[in-house]
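Below are the chains, spelled out letter by letter.
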Amino acid sequence: MIVPKGWEHNLSRNCPMTFTSIRLIASDITTMVAFYELVTGQSAEWLAPQFAEILTPGATLAIGSAETVALFMEGSAEPGANRTAILEFRVDDVDAEFTRLKDKVDVVIEPKLLPWGNRTAQFRDPEGTIISLFTPVTEAARARFGSR
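Rules and cut-offs
Residues numbered from 1 in each chain as written. Predicted model: local features only at pLDDT ≥ 70, side-chain atom pairs only at ≥ 80, totals over all residues. Heavy atoms only, no water. Helix = DSSP H or I, 4+ residues; strand = E, 2+ residues; numbered from the N terminus. 1 Å grid on protein atoms, 1.4 Å probe; cavity = no way out; pocket = protein on both sides within 12 Å on 5 of 7 lines; lining within 4 Å. Points joined across faces, edges and corners; volume = space filled by probe spheres on them. Nonpolar A, V, L, I, M, F, W, Y, C, P; charged D, E, K, R; others polar. Buried < 20%, exposed > 50% of the residue type's maximum accessible area, 1.4 Å probe, protein only. Pairing = 2+ DSSP bridges. Contact = heavy atoms within 4.5 Å. Axes fitted to C-alpha atoms, helices over the stretch in contact; angles between N-to-C directions. Core = buried A, V, L, I, M, F, W, Y, C linked by side-chain atoms within 4.5 Å.

- Per an unreviewed UniProt entry, the chain carries the name Glyoxalase and comes from Gluconobacter cerinus.

As structure tokens, then:
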């Protein structure tokens, strides 16, 4: 394994790091939470008027209002500015999910097979982040996700 210089100490940690959530910052938290409740089929847990979480079997999707940014560092995050991340959700039937959502979301791509074996559909959330719903369809893709 190639390890970036200076990162060698991370390989010897006794306690592995656990990835727990993605936090999105929203200019309109009510609209954003309603959108993700629609997509995931899960109800959000509102921990404060400006912060909610949607628990899924794989991870938590946290949504904070723009005013929460100042709790960390003013200007460190900005609603609507993301163009680098794609949030991915594995589903049993991407075509059925696409049919359920297509008239309610901003579609990026209709379902299609990608080279790594996933059938994928993509759309944007209210702040512009790409959401990818996918179903592993090739034998290799199903095997890759079998243990996750």
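Topic: the environment of T30
1) Next: Along the polypeptide, T30 turns up in helix α1 (residues 29-40).
2) Next: Residues T30 and Q50, spaced 20 residues apart in sequence, show a C-alpha to C-alpha distance of 9.0 Å.

So, the layout of surface pockets
1) Next: The space that makes up the largest pocket amounts to roughly 820 Å³.
2) Next: Taken together, 24 residues make up the lining of the largest pocket; nearest its centre are T56, G58, E88, F89 and R90.
3) Next: Every element with two or more residues in the lining of the largest pocket is listed here: α1, β4 (60-65), β5 (86-90), α3 (94-101) and β8 (130-136).
4) Next: Sort the elements by how many residues they give to the lining of the largest pocket and β5 lands first, with five residues.
5) Next: Across the lining of the largest pocket, the residue classes tally to 13 nonpolar, six polar and five charged.
6) Next: By volume, the second largest pocket amounts to about 200 Å³.
7) Next: Lining the second largest pocket are 15 residues, and of these R23, L24, I25, N82 and T129 sit closest to its centre.
8) Next: For the lining of the second largest pocket, the element with the highest residue contribution is strand β1 (residues 21-26), accounting for four residues.
9) Next: The class makeup of the residues in the lining of the second largest pocket is nine nonpolar, three polar and three charged.

Digging into the pairing of β4
1) Next: When you tally the buried positions in β4, you get six out of six residues, the bulk of the element.
2) Next: What you see with β4 is no split at all: T60, A62 and G64 on one side and L61, I63 and S65 on the other are buried throughout.
3) Next: Direction of pairing for β1 relative to β4: parallel, over a ladder of six bridges. Considered in β4, the bridge of I25 is made with G64.
4) Next: When strand β3 (residues 51-55) meets β4, the two strands line up antiparallel, connected through five bridges. By the bridge assignment, I54 is partnered in β4 with L61.
5) Next: Between β3 and β4, which pair antiparallel in sequence order, lie four residues.

Some details on the environment of D125
1) Next: If you trace the backbone, D125 turns up in the loop between β7 (118-124) and β8.
2) Next: Excluding anything up to four places from it in sequence, D125 contacts L24, M32, F35, Y36 and I131.

A word on the sheet that holds β7
1) Next: Strand order across the open sheet formed by four strands is β5-β8-β7-β6, with mixed pairing between neighbours. Among the strands making up the open sheet, the edge pair consists of β5 and β6 (106-113). Averaged over neighbouring strand pairs, the angle between their axes works out to 20 degrees when direction is ignored.
2) Next: Direction of pairing for β5 relative to β8: parallel, over a ladder of five bridges. Paired with E88 across the strands is S132, a residue of β8.
3) Next: Set on the sheet, α3 makes contact with β6, β7 and β8; between it and β7 the angle comes to about 20 degrees.

Thoughts on the nonpolar core
1) Next: Grouped together as the largest cluster of nonpolar side chains are 24 residues, with contacts concentrated most on Y36, I63, F123, I131 and L133.
2) Next: Counting residues per element, this core draws most heavily on α1, which supplies six residues.
3) Next: For I63, the contacting residues outside a window of four places in its chain are L24, A26, I29, M32, V33, Y36, Q50, F51 and A52.

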